[in-house]
Amino acid sequence: MKNEITKRETPEERELRKKLAELAELEGRLGEKELELATFRAELNVFEAMYMRIVGVKYVELDEIEAKIAEAKLRENPYDKIFQEEATKARSRADESKEAMGQIEEGIEEFKPSESLKKLYREVAKRIHPDLAEDDSERLKREELMAKANRAYQEGDREKLQAILAEWEDSPESVKGKGAGAELVRLIRKIAHVENRLRKIEMEMTQLKESDLYELKKKVEVVKAHGRDLLSEMAEQVEGKISNAKESLKVTKRIRSA
Amino acid sequence: MSKETNETRLQLIPYQNRQLSIKANLIKRGLDLVYSLETRPLKVLLHGDKHLSQTIVEHLKLIYQGRYNVTGFIMELSWASEIVYLAETQTIDVFILILNNIIFTSEKRSSEDHIENILNLLTLMRKTYGKPIIGLFTWPDDPSFEKRAKDAGADIVLRMPFKWEAFQKVFESCLIPQNEIGRSKSR
């Protein structure tokens, strides 16, 4: 007769096992969704930079000329409130356009992440996601790493992503606590955080897809499929406006000097 | 999270919002420019049934207002020679033809001759004008007719009666290649 003592699973342990499986499934989805969002954001960033370089820069030039026209007209009529308002408005618009151009990062040409880079990012997001934190200090640490990871992904920097993952694996925050009861509470909270984050990702994706930038990107892509470059055509249109504005500025100056 | 970090973040929010908003203005202007360029002439030739043609034109005008300035060239009588004449003298963007109503001057009178004439006309128009052709028909019942008409040159062939949604989908697909933003000035 065998004299074996088998340990029975306690209700807490059973629940813990279920919750762990639930969390693992959610973490997988979270990694996937974070990847989707980061890819979408990065693609929009690249498009935005391209738009600004090709079309935005023309608007900056146009706005500057229009501001000069408005200021020249104001010099002719310095006490006229309408001219004062128009000059202020035009100058502020020109300055804002210039400022917007200043925010565009150089060197963003295209974003085509490889499958292996996506896989790595998915893994990083799954492991270090801030919504898996158990306290504020851990959350802060995770947020910092996640920001670095997002940046590395957008830059296509595999080594940096691997280093971030290694840094996390070695950190004390990656070590889990003990005790079934405490662990269960932690798991329930983590699940709630992850579900909340998944909802937020969904919302952000919806907002991005409703943005003017995405609408413009889609139009550029549709036209590109027919062998045309919509951004260049738009730049051409704004150039036409610039030529007209330059003429107006000349006339305004001529009137002043006459 | 430290108090200092929280404060720094709170200070950053209005700054970031402003940055986003001024960039968004430049992007909105670009999108408005695209929309303004999209309002361009769209000439549609319809023939074969005056009432149906008028209904289609009115619907198109309503749906595409702001994007296209739709002009409908409606022909009451469907002489093949008149279709070719209008295609020759106007820059038609889309042809909507009720295929079985087209009248030919040919002496040949059999059904198959009529079908042959229709197919020849489609081929001629496709080769000469290269613009989308939507073929509507009630006759012949021959199930292969749709394929033959497409092979001859029609982009899409729809049996009547059809649902408006189906027609609109077909019409949209004809518009995509000609969505020539920025080229309208050269027309």
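Below is a short write-up of the structure. (Residues numbered from 1 in each chain as written. Chains lettered and ligands numbered in written order. Predicted model: local features only at pLDDT ≥ 70, side-chain atom pairs only at ≥ 80, totals over all residues.)

**Some thoughts on the overall build of chain A**
Summing up its helical and strand segments, chain A has 8 helices and 0 strands in all. Secondary structure elements of chain A occur, N-terminal to C-terminal, as α-α-α-α-α-α-α-α. Per-residue burial over chain A gives 24% buried out of 258 residues. Of the contacts made within chain A by residues no fewer than 6 positions apart, 79% connect residues no fewer than 24 positions apart. (Helix = DSSP H or I, 4+ residues; strand = E, 2+ residues; numbered from the N terminus. Buried ≥ 20, exposed ≤ 12 C-beta atoms within 10 Å, placed from the backbone. Contact = placed C-beta atoms within 7 Å.)

**Details of the overall build of chain B**
Across its full length, chain B carries 6 helices and 5 strands. Moving toward the C terminus, one meets the helices and strands of chain B in the order α-β-α-β-α-β-α-β-α-β-α. Within chain B, buried positions represent 26% of all 187 residues. A separation of at least 24 residues holds for 66% of the contacts in chain B among residues at least 6 apart in sequence.

**Regarding the packing of helix H1 (residues 11-76) of chain A against helix H3 (residues 115-128) of chain A**
All names here are of chain A. Here H1 crosses H3 at 125 degrees, and the two axes come no closer than 8 Å. Judged by the inter-axis angle, H1 sits oblique to H3. As for how H1 packs across H3, the hand of that crossing is right-handed. The residues of H3 that touch H1, namely those facing Glu27, Gly28, Leu30, Gly31, Glu32, Glu34, Leu35 and Ala38, are Lys118, Tyr121, Arg122, Glu123, Ala125 and Lys126. Looking at the contact of H1 with H3, its residues break down into 5 nonpolar, 2 polar and 7 charged. (Axes fitted to C-alpha atoms, helices over the stretch in contact; angles between N-to-C directions. Parallel < 35°, antiparallel > 145°, perpendicular 65-115°, else oblique. Left-handed = near helix turned anticlockwise from the far one by under 90°. Nonpolar A, V, L, I, M, F, W, Y, C, P; charged D, E, K, R; others polar.)

**Quick look at the interface of chain A and chain B**
Counting residues at the interface gives 24 residues for chain A and 20 residues for chain B. Counting only elements with at least two residues in the side of chain A that touches chain B, the list comes to H1, helix H2 (81-102), helix H4 (136-154), helix H7 (212-224) and helix H8 (230-257) of chain A. The greatest single-element share of the side of chain A that touches chain B, amounting to 7 residues, is contributed by H7 of chain A. Of the residues that constitute the side of chain A that touches chain B, the class distribution is 11 nonpolar, 5 polar and 8 charged.

**Observations regarding the pairing of strand E3 (residues 94-98) of chain B**
Residues and elements named next belong to chain B. Within E3, 4 of the 5 residues are buried, leaving the element largely enclosed by the surrounding structure. Bridging between strand E1 (residues 40-47) and E3 involves 4 bridges; their strand directions are parallel. Residue pairing across strands places histidine 47 opposite leucine 97, the latter belonging to E3. Two strands pair when backbone bridges link them, and E3 and strand E4 (residues 133-137) are joined in this way by 4 bridges, in the parallel orientation. Bridged to phenylalanine 95 within E4 is isoleucine 133. (Pairing = 2+ DSSP bridges.)

**What to know about H3 of chain A**
Residues and elements named next belong to chain A. The end-to-end C-alpha separation of H3 is 20 Å, in line with the 20 Å expected for 14 residues at 1.5 Å each. Listed in full, the buried residues belonging to H3 are Leu120, Tyr121, Arg122, Val124, Ala125 and Ile128. Packing partners of the buried residues in H3 comprise H1, H4 and helix H5 (158-170). (Expected span 1.5 Å × (residues − 1).)

**Here we look at the sheet that holds strand E5 (residues 156-159) of chain B**
Residues and elements named next belong to chain B. Reading across from one edge, E2-E1-E3-E4-E5 is the order of the 5 strands in this open sheet, with parallel pairing throughout. The sheet is open, and its two borders are formed by strand E2 (68-75) and E5, each paired with just one other strand. Averaged over all pairs of adjacent strands, the angle between their axes in this sheet comes to 20 degrees, without regard to strand direction. For E4 and E5, the ladder comprises 4 bridges, and the chain directions are parallel. Considered in E5, the bridge of leucine 136 is made with leucine 158. Contacting E1, E2 and E3, helix H2 (residues 50-64) crosses the sheet at an angle of about 175 degrees to E2.

**As for helix H5 (residues 145-152) of chain B**
All names here are of chain B. Considered for burial, the residues of H5 that qualify are Phe145, Ala149 and Ala152. Down the axis of H5, the buried side of the element spans an arc of 60 degrees, and every buried residue falls inside it. The outward face of H5, more than 90 degrees from its buried face, is lined by the exposed residues Lys147 and Asp151. Elements in contact with the buried residues of H5: helix H4 (111-129), E4 and E5. (Arc of directions from axis to C-beta.)

**Structural notes on unusual backbone geometry**
A negative phi angle characterises most non-glycine residues, just as the trans form characterises most peptide bonds. Residue and element names in this part refer to chain B. Following tryptophan 139, the chain continues into proline 140 via a peptide bond in cis, with omega recorded as 5 degrees. Inspection of the secondary structure puts proline 140 in the loop between E4 and H5. A cis geometry characterises the amide bond from methionine 160 onward to proline 161, with omega recorded as -5 degrees.

**Notes on the nonpolar core**
By size, the foremost hydrophobic cluster in this structure holds 32 residues, and its most contacted members are Val44, Phe95, Ile96, Leu122 and Ile134 of chain B. Apart from residues lying up to four places away in sequence, isoleucine 134 of chain B is in contact with Val94, Phe95, Ile96, Asp155, Ile156, Leu158, Val170, Phe171 and Cys174 of chain B. (Core = buried A, V, L, I, M, F, W, Y, C linked by C-beta atoms within 7 Å.)

**Observations regarding the environment of methionine 125 of chain B**
Residues and elements named next belong to chain B. With respect to the helices, strands and loops of the structure, methionine 125 is situated in helix H4. Distance in space between the C-alpha atoms of methionine 125 and valine 84 is 7.5 Å, their sequence separation being 41 residues. Ignoring anything within four residues of it in the chain, the contact list for methionine 125 reads Ala87, Phe95, Ile133 and Gly153.

Take it as geometry only, folks, not as evidence of what the structure does.
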